[in-house]
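# Architecture at a glance
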Amino acid sequence: MAEMKDKKLYMIGNAHLDPVWLWQWQEGFQEAKATFRSALDRMNESEDFIFTSSSAAMYEWVENNDPGMFEEIRRRVREGRWNIVGGWWIQPDCNIPGGESFVRQSLYGQRYFQEKLGVMAKVGYNVDSFGHHGMLPQILKKSGMDYYVMMRPMPGEKGLPGRLFWWESDDGSRVLTFRILFEYLSWGQELDRHVRRTLGEFKAPLDDLMLFYGVGNHGGGPTKENIESIRRLNGEPDLPKLVFATPDRYFRDMEDKGLDLPVVHDDLQHHASGCYAAHSGIKQWNRQAENRLAAAEKYAALASWITGQPYPKADLGRAWKNVLFNQFHDILAGTSLESAYEDARYLYGEAMAIADRTLNYAVQSLSWRVGIEQDEGMKPIVVFNPHAWPSVTNVELEVGGIGPKTVLTDETGAPVPFQTVRSQASAGGRFRLSFMAELPPLGYRTYRLVLASESLRPVGEPIAASDLVLENGRFRLEFDRDTGWIKSLRDKRTDYEVFAGPAAKPVVLEDRSDTWSHDVLHFDKPVGAFEAVKVFRAEHGPVKSVIRVVSAYGSSKLIQDFAMYPDRDQIDVQVTVDWRETFKMLKLVFPVETVFSKLTYEIPYGTIERETNGEEEPGQSWVDLTGITRKTNRVYGMSLLNDAKYSYSCRNRELALTVLRSPIYAHHDPYVPEPDGEYAFIDQGIQRFSYSLLPHEGGWEQAGTVRRAAELNCRPTSVIETHHEGPLPQRDAYVSTDRDNIVVSAIKLAEEGDDLIVRCYETEKQATTAEIALPLWNRVIRASFGPNEIKTFRVPRDPASAVTETDLLERGIG
C-alpha cells in the first residue's frame, strides 16, 4: 500500500463547456456564466481548490455581460488558482480548419488572455476534438505552448506508446502531450469509482498521471461533493496521492523528472470519421470565409502602404473571430442541432461581408489609380492575383456591351482568346466573359474589351469537342453515353490511360450511422449509382469546351460540367447536386491506373502520407495518388482538388471524394430512430462546388498541385474600370518567392503598428533556402526553411529598419 502513495494523481478541476451542440449559442452563453460563477463559489469555499479553463471566446462573453464577475476571475488568475489553458479562441475541430485558422486561434486567443488577464497559456488544450492533424506541434510551439492535452482518439481508436509522450511535427517541433484517462469530466457526486479505475494506468517510470473531474459538456464544473470526496479519498491507503493541481504544474513536474519518453511522429486519428463530411454547408462556408479573408488581408495591407487606404484592423479581427468560433468542434464537424447552423451561417455571412468589403476597398483603391488611356470604345478590366506566384487561370465575370466585333486585349494591345458563356442573368444585354488570365505574382494586370479592326481580330481556336469527347494537345477525355461516367482519360504525351475503369462515378452508399459515424471507419456498402439522363456539349469556344453530364438516382439529380482548355493540363468540373436521399452517402470515385502507389493528403500547413486501406480520412483541398505505370514503369499520378470538401477515401487504387452524407441532425448513438419517425436530415436540397483533375508525370510536387489547389480555392478578383489618369502602371507585382515549394500564405498589418506581417510555409517536406521579394519597397527576405516549416516575418514601414522574424503571435525571436 505504501507503494501506491508514491504515485500521484494530479486532480484537474474543469468544466468542459460546449458553447454550441445540442443547444444554440445563447444557451451556451448563459451556461458559461453559470459555470464560471460556480467555479468562483467553490474557490470561496475551498482554499485549495484550483480551476482550469480554456477558450477566450467565453471569457469575452463574461467580460461584456458581467464585468464584476470578470474582475473576480482576473483576481483568481493572479493568485494562480484560476488556470488558463488552451490559448485559443475556442476548442476547434482539429482537422478541418486551414493552417492559417489555427494560427489565428492562437493569435487572437493568446493576445486576449495576455491583455485581459495578464497571462498566456503554456498548455494547448483540445480535450474533445475528433482527431488532431500532424502540424499542430509546430503551431502550438510557435504560439508559446510547450504542452498539449487531448483525449480523442481514445486507446481503442489509436494505439499510442503511453499516456505521456512527445508529439513531433515534420519540422522537428515537439510538445509534451498527455492523453486523458477515460473522460474529461465526471459526475457531480463522489469520485470513488472515477479515481479507482485509474489504478491500472500507472506504468513505470510514469508514476504520476492527471485525472480530470467536474461536470461537463453543458458546463457545470466541480461540485462540493467532488471536492470533498478528493480530500476523503486522499486518506485511503490503497490509492495514490491526490493533489489539486493544474496541467501546467503536471507538465513542469514531469519535465523536471527527466523521464525518457517516447516520440510520436504522426497525426492522431481517427474518431468520428463521419464528421469530415457531415453538413456540406458549414464545410463550404468555412473554406470560403478562410480564402476571402486571406485575399482581403493581403490586398488591404498592400493598399494601406501603396495608396493609404485605411486598413480595417478591428473589422478583420471581428471577422476572424466569427470564423474561429464557428470552427468549434461540434459546429464545424456538423454534429450540432439544425438551428445552430442558422446561427453559424449568420456569423460566416458577417465575416464574408467584412472580407468582401475590405477586398473591394483595397483593390478599387489600386485600380482607381492605374493610368488607363481614354478610349470611348474600350472597357478596361483590372484583374488581381491573390497568390505570390505567376498564375494562369480561367477568369469569368458578368459584363455588358459585348458585341460580335468585340476583341479582348492585354495591356500591351495583344489580343487574348475569349468567349462568352451562359450569363447568370436571363436578360438581354448582359454577357458572361470567360478568358485565361496570365497574372503577375500578387499583383494585377489590365485587360481591355475593344472593337475589332483590320489589324485587331479575335484570336484562338477551340479544342476538338463533341457530345462525348473533349480533346486538346495533352488529353483525350471520353464519356459513356449511357452512364455519364468517364470512359477514358488518355494522356497523349505518354500514351497512358489514367483510369483503370469508369471514373467520376457517382456511387451511392448505405450510411445508417449516427451524425458522427461512431465506430465506423469504412463506408463501403454501395447501393447504387447515378446514371445519365443526358450527356451533351454545353460550351464550345477558344477558351474552353464543356461537356455537361446530367444524371439521376432515386429522387436526386446530379449535374457535372467538365471543362477542358486548349493549353491547360487540368480538367475543371463544376458540380450541382440536388440531394433527396436519407441514410446514404455520395462519393465520386476515380480508379487511378498505377501500382506501388503513394497516397498524400494536404493537411493544415503541411502534407501527410496515409495507407490505401479504404478508411475515411480528413484532408484539406487536395489529395494525390502517385505510383508506377504498369507498362512503362514511369512515375505517374493524379491529384484531385476541390473547393468545398474535406473527406476522402482510397482503397488500393480507387480514390474517392466524399460529396455528402445524409444522417439525422444531431443523432447520437445509442439513440435508435423510429422507423416511421419524422426527422430533419442533413444535406437535403441543392449544393454546388467545384473539383479538378490534375493527372501528372512525376510526383505531385512537380505537378504544382499545391499551387493549383490554391488557385481553385482563392480566385482572382476583377474590377471593371473606366479610363482615368493615375500613377500606377497597368501591370504590377508586389510579392513573389523564388522557390516553388514556399507559399506566402498570409500578409496583414501587424496587430500593433502598421508594419507588414508576411507568413510563409514550406510545402514539400524538404529543407529550402528561399527569397521573398517585395520589389516596390526594395525588400528581399532571405530565409532557410525546414521541412514543412512555418515562418513569419515583420517588415517595418520604415525602410531603414531591418526585417525580423517573429513567432506566430508576432513576437520577436531571439
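Structural data are supplied above this passage.
As a starting point, this report considers the structure included with it.

What counts as what
- Residues numbered from 1 in each chain as written.
- Predicted model: local features only at pLDDT ≥ 70, side-chain atom pairs only at ≥ 80, totals over all residues.
- Heavy atoms only, no water.
- Axes fitted to C-alpha atoms, helices over the stretch in contact; angles between N-to-C directions.
- Helix = DSSP H or I, 4+ residues; strand = E, 2+ residues; numbered from the N terminus.
- Parallel < 35°, antiparallel > 145°, perpendicular 65-115°, else oblique.
- Contact = heavy atoms within 4.5 Å.
- Nonpolar A, V, L, I, M, F, W, Y, C, P; charged D, E, K, R; others polar.
- 1 Å grid on protein atoms, 1.4 Å probe; cavity = no way out; pocket = protein on both sides within 12 Å on 5 of 7 lines; lining within 4 Å.
- Points joined across faces, edges and corners; volume = space filled by probe spheres on them.
- Salt bridge = Lys/Arg side-chain N within 4 Å of Asp/Glu carboxyl O.
- Buried < 20%, exposed > 50% of the residue type's maximum accessible area, 1.4 Å probe, protein only.

## With respect to the packing of helix H4 (residues 67-79) against helix H5 (residues 99-117)
- Between H4 and H5, whose axes approach to 10 Å, the crossing angle comes to 95°. Taken as axis vectors, H4 and H5 run roughly perpendicular relative to one another. Contacts between H4 and H5 involve Phe70, Arg74 and Val77 from the first element and Tyr112, Lys116 and Leu117 from the second.
- Looking at the contact of H4 with H5 residue by residue, the classes come out as 4 nonpolar, no polar and 2 charged.

## With respect to the layout of surface pockets
- The calculated volume of the largest pocket comes to roughly 2,000 Å³.
- Along its surface, the largest pocket is lined by 50 residues, and Glu396, Gln424, Arg432, Gln574 and Arg715 are the ones closest to its centre.
- No other element matches helix H10 (residues 280-306), which puts 6 residues into the lining of the largest pocket.
- Among the residues forming the lining of the largest pocket, the class breakdown is 18 nonpolar, 15 polar and 17 charged.
- Its boundaries defined by the atoms lining it, the second largest pocket holds a volume of some 440 Å³.
- Lining the second largest pocket are 22 residues, with Val392, Pro417, Met436, Glu438 and Asp567 positioned closest to its centre.
- Residue assignment for the lining of the second largest pocket shows that the elements contributing at least two residues are strand S12 (391-400), strand S15 (430-439), strand S16 (443-451) and helix H15 (705-713).
- Class assignment for the residues of the lining of the second largest pocket results in 11 nonpolar, 2 polar and 9 charged.

## Regarding the pattern of salt bridges
- Summed over the entire model, instances satisfying the criterion amount to 69 salt bridges.
- Note that Asp561 and Arg548 form a salt bridge whose closest N and O atoms lie 2.7 Å from each other. On the criterion of sequence distance, the pair formed by Asp561 in strand S26 (residues 556-564) and Arg548 in strand S25 (residues 545-553) is long-range, its members being 13 residues apart.
- Residue classification places Arg548 among the partly exposed positions, given a relative accessible area of 26%.

## Structural notes on helix H3 (residues 56-65)
- In terms of residue burial, H3 counts as a mostly covered element, since 8 of its 10 residues are buried.
- All buried positions along H3 are accounted for by Ala56, Ala57, Met58, Tyr59, Glu60, Trp61, Val62 and Glu63.
- In the core, the buried residues of H3 are packed alongside helix H2 (25-45), strand S2 (51-53), H4, strand S3 (82-84), H5 and helix H11 (313-326).

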